[in-house]
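Okay, here's what each chain looks like letter by letter:
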Amino acid sequence: MRVAVASGKGGTGKTLVSTNLFWAAQKAGQEVSIIDCDAEEPNVVEFVSGEEISTKLVKQKIPVIDTNLCTYCNKCREYCNYNAIICLPPVKFIQVIEELCHDCGACFVACEAKAISEKDKTIGKISEKGYNMHARVIEGCTEVGVFSSVPVIKESIKQAANAPCAIFDSPPGISCPFIATVESSDFVVLVTEPTHFGLNDLLLSVETLEYLGKPFGVIINRAGIGNSDVYNWLKNNKVPLLMEIPFDREIARVYSEGKLIAEELPLYATLFSQLMNTIEKTIKQQSGYIQ
Ligand code: SF4
Ligand code: SF4
């Protein structure tokens, strides 16, 4: 079971939901991993952590051009979709801009003069911690200055390949890091808030998930503020409202202390446990496992 917790924008309560869902799953005895896929700014370990089990560097291949062999034919620059190669044949100048290279390999294919070799570049780190005997916390963290966190996210998700249940804390927004996260999931929990901004960003996320063919449900955080537009939209479009989390001072206090509401406030232990069961049942129904 692969569950991504996502939102169209930052600050809606994604990590609040993913960490409490993780806690509820492990509390029920589930063998579970939480993967912090917000690899540009991971923060899951502020709430759930443990003893370090392993760390691994994520590397990518960067082309190295031998100017003694290069004929300045310009083909590698033409093949590179990411503008990561500058080639100026009249003055015999060629350079790879490492920060823009996506390790696609096209320039290696393009170069008939065999002037391109490769070197490794560290672009991030994955660390795995043991929350307890059957629950793991995996964090992907991209190096400062690296253009794309996608390779680190993909490696982080691979790290949890053997976990029977995995919860992905997705990066905010709907760009490549979000897609790299949700495309590996069976179900997506979208967290929003009942405001105009919340609805706008929810619609963008929904459009993307529908394009990807991913099933999803919605959690409204900070219920009680704003207006009823999100509720009306969910009702009119028959999108399941999985849970509401009220705009509540006690929740804010627990969260700001780096604690989990499911652990501190008994009502939320029940609600997150029910949420886990609902998601599990939905995934099984969709896969035809149960009717
Ligand atoms: S590996 Fe791909 S992205 Fe990198 S320089 Fe070559 S063509 Fe461009
Ligand atoms: S394709 Fe090879 S030979 Fe041509 S410019 Fe690039 S590195 Fe030089």
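Being a predicted model, the structure only gives us computed values, none of them experimental. (Residues numbered from 1 in each chain as written. Chains lettered and ligands numbered in written order. Predicted model: local features only at pLDDT ≥ 70, side-chain atom pairs only at ≥ 80, totals over all residues.)

Draft legend 1. Here's a closer look at the overall build of the chain. A tally of regular secondary structure across the chain gives 10 helices and 11 strands. For the C-alpha atoms alone, the extent of the chain along its principal axes is close to 70 × 45 × 40 Å. Burial analysis of the chain (291 residues in total) assigns 41% to the buried set. (Helix = DSSP H or I, 4+ residues; strand = E, 2+ residues; numbered from the N terminus. Buried ≥ 20, exposed ≤ 12 C-beta atoms within 10 Å, placed from the backbone.)

Draft legend 2. Seen up close, the domain arrangement of the chain. The domain boundaries assigned to the chain delineate domain 1 (2-58 + 122-286) and domain 2 (67-114). Distance from the C-alpha centre of domain 1 to the C-alpha centre of domain 2: 40 Å. (Domains from an automatic or database assignment.)

Draft legend 3. Region of the structure containing the packing of helix H1 (residues 14-27) against helix H10 (residues 266-286). Relative to each other, H1 and H10 sit at 85°, their axes nearing to 9 Å. Comparing their axes, H10 and H1 come out roughly perpendicular. Mapping the contact onto sequence places Asn20, Leu21, Trp23, Ala24 and Ala25 in H1 and Tyr268, Ala269, Phe272, Ser273, Leu275 and Met276 in H10. By residue class, the composition of the contact of H1 with H10 is nine nonpolar, two polar and no charged. (Axes fitted to C-alpha atoms, helices over the stretch in contact; angles between N-to-C directions. Parallel < 35°, antiparallel > 145°, perpendicular 65-115°, else oblique. Contact = placed C-beta atoms within 7 Å. Nonpolar A, V, L, I, M, F, W, Y, C, P; charged D, E, K, R; others polar.)

Draft legend 4. Geometry of unusual backbone geometry. Even without glycine at this site, Lys92 takes up a positive phi of about 50°. Turning to its location among the elements, Lys92 is positioned in the loop between strand S4 (85-88) and strand S5 (93-96). You can call Lys92 exposed: it has 11 C-beta atoms within 10 Å. Phi angles above zero are rare outside glycine, and Lys114 is one such case at about 55°.

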